[in-house]
Protein chains: 2
Amino acid sequence: MVSESRKKNRVTLLDVARHASVSRATASLVIRKSPLVSTETRAKVEAAMQELGYVYNMGAARLRADKSLTIGVVIPNLVNPFFTELLAGIETVIDAAGMVVILVNSGDLVTRQETLLTRMREHGVDGIILCPAADTKMSLVERMAEWDLPLVQVLRHVTDDCDYAGVDYGVGMHQAVGHLVELGHRDIAFAVHGPVHSAYQERVDGFREAMEARGLYPNTIIRVPNQMAAIADSAELFSSGPGRSSAVVCFNDVVALGLSAGLYDLGITIGRDFSLVGFDDVADAEAMRPRLTSVATFPEAIGEGAAKLLLDRLTQPDLPPRKLVKAPQLRIRQSSARWSGTGLGRVQNSG
Amino acid sequence: MVSESRKKNRVTLLDVARHASVSRATASLVIRKSPLVSTETRAKVEAAMQELGYVYNMGAARLRADKSLTIGVVIPNLVNPFFTELLAGIETVIDAAGMVVILVNSGDLVTRQETLLTRMREHGVDGIILCPAADTKMSLVERMAEWDLPLVQVLRHVTDDCDYAGVDYGVGMHQAVGHLVELGHRDIAFAVHGPVHSAYQERVDGFREAMEARGLYPNTIIRVPNQMAAIADSAELFSSGPGRSSAVVCFNDVVALGLSAGLYDLGITIGRDFSLVGFDDVADAEAMRPRLTSVATFPEAIGEGAAKLLLDRLTQPDLPPRKLVKAPQLRIRQSSARWSGTGLGRVQNSG
DNA sequence: CTGAAAGCGCTTACAG
DNA sequence: CTGAAAGCGCTTACAG
């Protein structure tokens, strides 16, 4: 058995202490870099650790000290590049703090989320960064508070009584709509998809408000499928019919990519016949042709912010709940163009 | 202090045992679902756990039993969608086994990788899935063996004396080159980028062999930058000059996306004037226009395979080293077309 | 099937 | 600055 052999030749702090002719307590102080130890003693102990091949046993330390240098990250979806960048930001900050992240994927399912949160608790994480699955109840967060488990919500929120790092979607929608209106568009649609949660609601509300503020009809909100290929197939919803639009704001860049492909298949030239504005500004926005105009939401920075909120709360549990709501920034590229005033000249492309 | 309050009202197994009027050992058996406990006793204990709000302390169990139900995953890069899909596969299998993954990002730096591996060891992970950073020495893996830390290499390998889950890049290159040759291409370039490691080498060797096997010149291997925008700018390397190619095989889909954009900017129509074959077949391949012909490498399946190898090794440490080398599959779409025999008709697009 | 005891490897007061 | 002792919450033999 691996565990047996590993246990057999495990060298403990006591071994190190004996080898250095000091007490175990002293050796422990050396490890934790306490200033109470003389340079000489420290050197002796460190030499002993080296010679014996000592490995710090964080599990034992955790049991005694009740901290694990471990934080849990619960994300609803791993394959969306947006979440990946978020994760990268979290990982950077947590890692720099000498801690480690346990990552789990809720699949946007509250029941799975429940299981996973319990699991993290049993694993003794010091805190949790949660992007709540759709339909997460406020009570979930309250329960975590009862558990004394520090929590920060990221990207989505279900309560104000808990730290939150996210995006000001309303501002982003104003930027997107404002840009298109300046270009002369008036019939602007909003292409949405995915589960409904606070970020979804805020984008929809933001779009409506932005349209109303400009005296435009705010209800051309159209749901598209979730899979890339299916989104492409739904492009016709925007380019035909009576209330045809000349521009569409997309829920995120995944939708924008899909619609871009679909409009191409319909023979519609984006950035000339039709305007498209994405949301999030993931790496692909710059790589598309025509390049995608998109509202940058800086997921990596948000991840960093969330991690910092959590680190702060770990040291100062009694801080009032804080919000870090980042203002997005419009990146104007090629997919949005001045309203041509003409109809959509359509030529069927090889779909 | 959070930890104090958490400690204060922590209910332990002993509390549960008392409340259920059994011994601590019996309560422990119930938790671990031992069949040695009568249904009646089990129900009594479970009721007690429920009433008291007992939370299993995995840290304590780990200390005693020397297993942590935790595995470490070391990845060189989080933002490449390829690695994200790999991670998703790993997470699925590990999660289904009731375990949890600790994720770290080496940034493809051996020194950081070293630090992180030590950290995971201190955290007491049961095993590690490692995609070795470029320039990782074989000795690293040997050292892990001395640590008695079960390891599986994924995607890249530095030794045969250790489990490995990856891709048969050679076969993939034969598929890509073969496909282009069938379409009549003879001047085929290979666009590479990124750090050099086993997977890099295997792709390069695979390309060379595939070309040589068909009597073609195998050395048009061109390095492009790593950033998407810079890749696009380098497209001219392939489309001009004396040894001009009519088709290019890409190191991965990131390169393919970049070149696709760059060729567009040069006014070259892919799938007509020029053929492009990607590698990996990430989600974007299907979303591009023209759709990208690509060699699918199934990163999610590889992640699952790697996790299963590790799980097996945990239970059977004495198994000989195993290899899981998955055959890729060519997905023919629109970016590859019959050789036109004409030059590249070029019209400058709005770059 | 159950109970009493020892121990996993560390940290934490508490004396000195 | 150092040492001896207790304890974190569990699991593991070992008797019964």
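Since this is a predicted model, take the numbers as computed values, not measurements. What you see as residue numbers is a count from 1 along each chain, following the sequence as written. The order in which chains are written sets their letters, starting at A; the order in which ligands are written sets their numbers, starting at 1. Reporting in this predicted model follows two pLDDT cut-offs: at least 70 for local features of residues, and 80 or more for side-chain atom pairs to be given and counted; totals over whole chains, interfaces and linings ignore these cut-offs and use all residues. In computing side-chain properties, one takes all heavy atoms of the structure into account and sets aside hydrogens as well as water.

Broken down by element type, chain A carries 15 helices and 12 strands. The size measure is the radius of gyration over C-alpha atoms, and the globule rule it meets is 2.2 Å times the number of residues to the 0.38 power. The C-alpha atoms of chain A give a radius of gyration of 26 Å, which is well past the 20 Å a tight globule of 351 residues would have. Relative to its full complement of 351 residues, chain A shows a buried share of 55%. Long-range pairs, those at least 24 residues apart, make up 70% of the contacts in chain A with a sequence separation of at least 6. Areas reported here follow the Shrake-Rupley algorithm with a probe of radius 1.4 Å; residue values treat only the protein chains shown as occluding. Of the roughly 14700 Å² of accessible surface on chain A, 52% is carried by carbon and sulfur atoms. Neither His nor the chain ends is counted toward charge; the positive residues are Lys and Arg and the negative residues Asp and Glu. The atoms used to mark charge sites are NZ of Lys, CZ of Arg, CG of Asp and CD of Glu. A distance of 5 Å separates the average location of the 37 positive side-chain charges in chain A from that of its 40 negative side-chain charges. A run of DSSP states H or I qualifies as a helix once it reaches four residues; a run of E qualifies as a strand once it reaches two. Both are numbered from the N-terminal end. With a 1.4 Å probe rolled over the protein chains alone, any residue whose accessible area is under 20% of its type maximum counts as buried; one over 50% counts as exposed, and the rest are partly exposed. In this description, contact between two residues means that some pair of their heavy atoms is separated by no more than 4.5 Å.

Time to look at the side chain of A:Ser106. Among the secondary structure elements, A:Ser106 is positioned in the loop between β2 (100-105) and α7 (110-122). Not counting residues up to four positions away in its chain, the partners in contact with A:Ser106 are A:Val74, A:Ile75, A:Pro76, A:Arg112, A:Gln113, A:Leu116 and A:Ala133.

Taken as a whole, chain A shows an average pLDDT of 90; of its residues, 94% reach a score of 70 or greater. Predicted confidence for residues 1-7 of chain A stays below pLDDT 50, and this span has 14 contacts to residues more than four positions away or in other chains. Confidence of the prediction at every residue is given by pLDDT, a number between 0 and 100.

Our next topic: the state of the cysteines. When two cysteine sulfur atoms are found within 2.5 Å, that pair is recorded as a disulfide. On inspection of all chains with the given rule, the structure shows zero disulfides over all chains. Unpaired in terms of disulfides, B:Cys162 finds its nearest cysteine sulfur in B:Cys131, a separation of 13 Å.

Moving on to the sheet that holds strand β1 (residues 70-75) of chain A. DSSP-based pairing: two strands are paired if at least 2 bridges between them are found. The sheet built from 12 strands is open, its strands ordered β11(A)-β5(A)-β4(A)-β3(A)-β1(A)-β2(A)-β2(B)-β1(B)-β3(B)-β4(B)-β5(B)-β11(B) with mixed pairing. Edge strands, defined here as strands with exactly one partner in the open sheet, are β11 (323-326) of chain A together with β11 (323-326) of chain B. Along the sheet, successive strands turn relative to each other by an average axial angle of 20°, direction set aside. Both strand β4 (residues 151-154) of chain A and strand β5 (residues 163-167) of chain A contribute to a ladder of three bridges, which runs parallel. Every axis corresponds to a line fitted to the C-alpha atoms, with the helix fit spanning only the stretch in contact, and the corresponding angles, defined between N-to-C directions, vary from 0 to 180 degrees.

So, on to the domain arrangement of chain A. In terms of domains, chain A is made up of domain 1 (2-56), domain 2 (70-167 + 299-327) and domain 3 (169-296). Note that the domain bounds were set by an automatic or database domain assignment. Of note, the centres of domain 1 of chain A and domain 2 of chain A, computed from C-alpha atoms alone, are 35 Å apart.

On to unusual backbone geometry. A cis amide bond links A:Arg289 with the next residue in sequence, A:Pro290, at an omega value of -10°. By secondary structure assignment, the location of A:Pro290 is in the loop between α14 (284-287) and β10 (293-296). Backbone geometry places B:Leu155, a non-glycine residue, at a positive phi of 70°. On the secondary structure map, B:Leu155 appears in the loop between β4 (151-154) and β5 (163-167). Phi angles above zero are rare outside glycine, and B:Phe298 is one such case at about 55°. By the element assignment, B:Phe298 lies in the loop between β10 (293-296) and α15 (299-315).

UniProt positions are given in the numbering used here, feature names are shortened, and annotations may be inferred rather than shown by experiment. The UniProt record annotates "domain: HTH lacI-type" (unreviewed entry) at residues 11-65 of chain A. End-to-end, the C-alpha atoms of residues 11-65 of chain A are 20 Å apart, and along that stretch the chain is 67% helix and 0% strand.

On to the packing of aromatic side chains, then. Only centres within 6.5 Å qualify two rings of Phe, Tyr or Trp (six-membered ring in Trp) as a pair; their planes then separate them into stacked at under 30 degrees, edge-to-face at over 60, and tilted for everything else. One pass over the full model with this rule turns up eight aromatic pairs over all chains. Summarising the aromatic geometry, the rings of A:Tyr200 and A:Phe251 are spaced 5.4 Å apart at their centres and angled 45° between planes, so their arrangement reads as tilted. Taken together, the residues A:Tyr200 in helix α10 (residues 198-213) and A:Phe251 in the loop between β8 (247-250) and α13 (253-265) connect sequence positions 51 residues apart. A:Phe251 shares its class with A:Tyr200; the two are buried. Consider the rings of B:Tyr169 and B:Phe279, whose centres lie 6.3 Å apart with planes at 35°: the pair is tilted. Remark: B:Phe279 occurs in strand β9 (residues 275-280) and B:Tyr169 occurs in helix α9 (residues 169-182); sequence separation between them is 110 residues. As far as the burial class goes, B:Tyr169 and B:Phe279 line up, both buried.

Residues and elements named next belong to chain A. Within the open sheet, the six strands sit side by side as β7-β6-β8-β9-β10-β12. Their pairing is mixed. Of all the strands in the sheet, the pair left with one neighbour each is β7 (221-223) and β12 (329-331). Sheet twist, expressed as the average angle between the axes of neighbouring strands with direction ignored, equals 25°. Note: β8 against strand β9 (residues 275-280), three bridges, orientation parallel.

Near DNA strand D, the surroundings consist of 27 residues, among which A:Ser23, A:Arg64, B:Leu13, B:Ser28 and B:Tyr54 are the closest. Whether a residue is near a molecule or strand is decided by its heavy atoms; if any one of them lies within 4 Å of it, the residue is near. Close to the protein, within 4 Å, the atoms of DNA strand D are drawn from sugar and phosphate at a rate of 65%. One of the backbone N or O atoms of B:Leu13 is found 2.4 Å from a phosphate oxygen in DNA strand D. Two N or O atoms count as a polar contact when they lie within 3.5 Å, although within protein this holds only if one can serve as hydrogen donor and the other as acceptor, and sequence-adjacent residues are included solely when both atoms are side-chain atoms. Here a phosphate oxygen of DNA strand D and a side-chain polar atom of B:Ser28 are 2.5 Å apart.

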